[in-house]
Amino acid sequence: MQLALKEAVRAFEEDEVPVGAVVVYKDRVIAKAYNQVERLQDPTAHAEMIAITQASHFLNCKWLNDCTLYVTIEPCPMCAGALVLARVKNLVFGAVDVKSGACGSVTDIANNKKLNHRIKVSKGVLEEEAKGLLQEFFRKKRKTKA
């Protein structure tokens, strides 16, 4: 999770919403990414989506069966859906997203019994650090608009 936080700091420094993600396979980091929505002008350029793509390329496989994704905030519906489609085994996240979290907060795509895959979810890992970075980012944004 420390590496995911470092990626989130990179996003913060580039004036992106500070979210970082890391994919681990057999105790090895195979992908790391941060939000790049503004940079790429792409609403799908979330840290999780970029990390999934990197990991799939690394493994040369669309399935991430034995992978764990670490991300600083609870994935949104788009990202949670991609994690299910990629068959990620484990998800570890920091801060809960009470507005759009799709892994237990607002909805639970990660463990929806109607879908063909479920993800083992662990939440609250380095939550205060992840939440603090997000709060600082949005505080700074509000101050700039004022």
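Keep in mind it's a predicted model, so treat the numbers as computed, not measured. (Residues numbered from 1 in each chain as written. Predicted model: local features only at pLDDT ≥ 70, side-chain atom pairs only at ≥ 80, totals over all residues. Heavy atoms only, no water.)

A. How the structure looks around the pattern of salt bridges. Tallied over the full model, the rule gives four salt bridges. Among the ionic pairs, arginine 39 bridges to glutamate 14, the shortest N-O distance being 3.4 Å. In this pair, arginine 39 sits in helix H2 (residues 37-40) while glutamate 14 sits in the loop between helix H1 (2-13) and strand E1 (20-25), placing the two residues 25 residues apart along the sequence. Between lysine 131 and glutamate 128 there is a salt bridge whose closest N-O contact spans 3.7 Å. Here glutamate 128 and lysine 131 lie together in helix H5 (residues 127-145), a separation of three residues that amounts to about one turn. Glutamate 128 gets classed as exposed once you look at its relative accessible area, which sits at 54%. (Salt bridge = Lys/Arg side-chain N within 4 Å of Asp/Glu carboxyl O. Helix = DSSP H or I, 4+ residues; strand = E, 2+ residues; numbered from the N terminus. Buried < 20%, exposed > 50% of the residue type's maximum accessible area, 1.4 Å probe, protein only.)

B. Broad picture of the pairing of strand E4 (residues 90-95). The element E4 is largely enclosed, with a buried count of six among its six residues. As defined by bridge partners, strand E3 (residues 67-73) adjoins E4 across five bridges and the pair is classed as parallel. Residue threonine 68 lies in a different strand from E4, and its bridge partner there is asparagine 90. Handedness of the β-α-β unit built from E3, helix H4 (residues 77-85) and E4 comes out right-handed. By the bridge criterion, four bridges tie E4 to strand E5 (residues 120-123) in an arrangement that is parallel. Directly across from asparagine 90, in E5, lies its bridge partner lysine 120. (Pairing = 2+ DSSP bridges. Right-handed = clockwise from strand over helix to strand, strands pointing away.)

C. Structural context of the packing of helix H3 (residues 47-59) against H4. Between H3 and H4, the least distance of the axes is 9 Å, while the angle of their chain directions is 20 degrees. By the angle between their axes, H3 is roughly parallel relative to H4. For the element pair H3 and H4, the recorded crossing hand is left-handed. Contacts from Glu48, Met49 and Ile52 of H3 reach H4 at Met78, Cys79, Ala82 and Leu83. Of the residues in the contact of H3 with H4, the class split is six nonpolar, no polar and one charged. (Axes fitted to C-alpha atoms, helices over the stretch in contact; angles between N-to-C directions. Parallel < 35°, antiparallel > 145°, perpendicular 65-115°, else oblique. Left-handed = near helix turned anticlockwise from the far one by under 90°. Contact = heavy atoms within 4.5 Å. Nonpolar A, V, L, I, M, F, W, Y, C, P; charged D, E, K, R; others polar.)

D. Inspection of the packing of H1 against H5 at higher detail. At a minimum axis separation of 11 Å, H1 and H5 run at an interaxial angle of 5 degrees. Judged by the inter-axis angle, H1 sits roughly parallel to H5. Note on element contacts: H5 touches H1 through Glu129, Ala130, Leu133, Glu136, Phe137 and Lys140, opposite Leu5, Ala8, Val9 and Phe12. Classifying every residue of the contact of H1 with H5 gives seven nonpolar, no polar and three charged.

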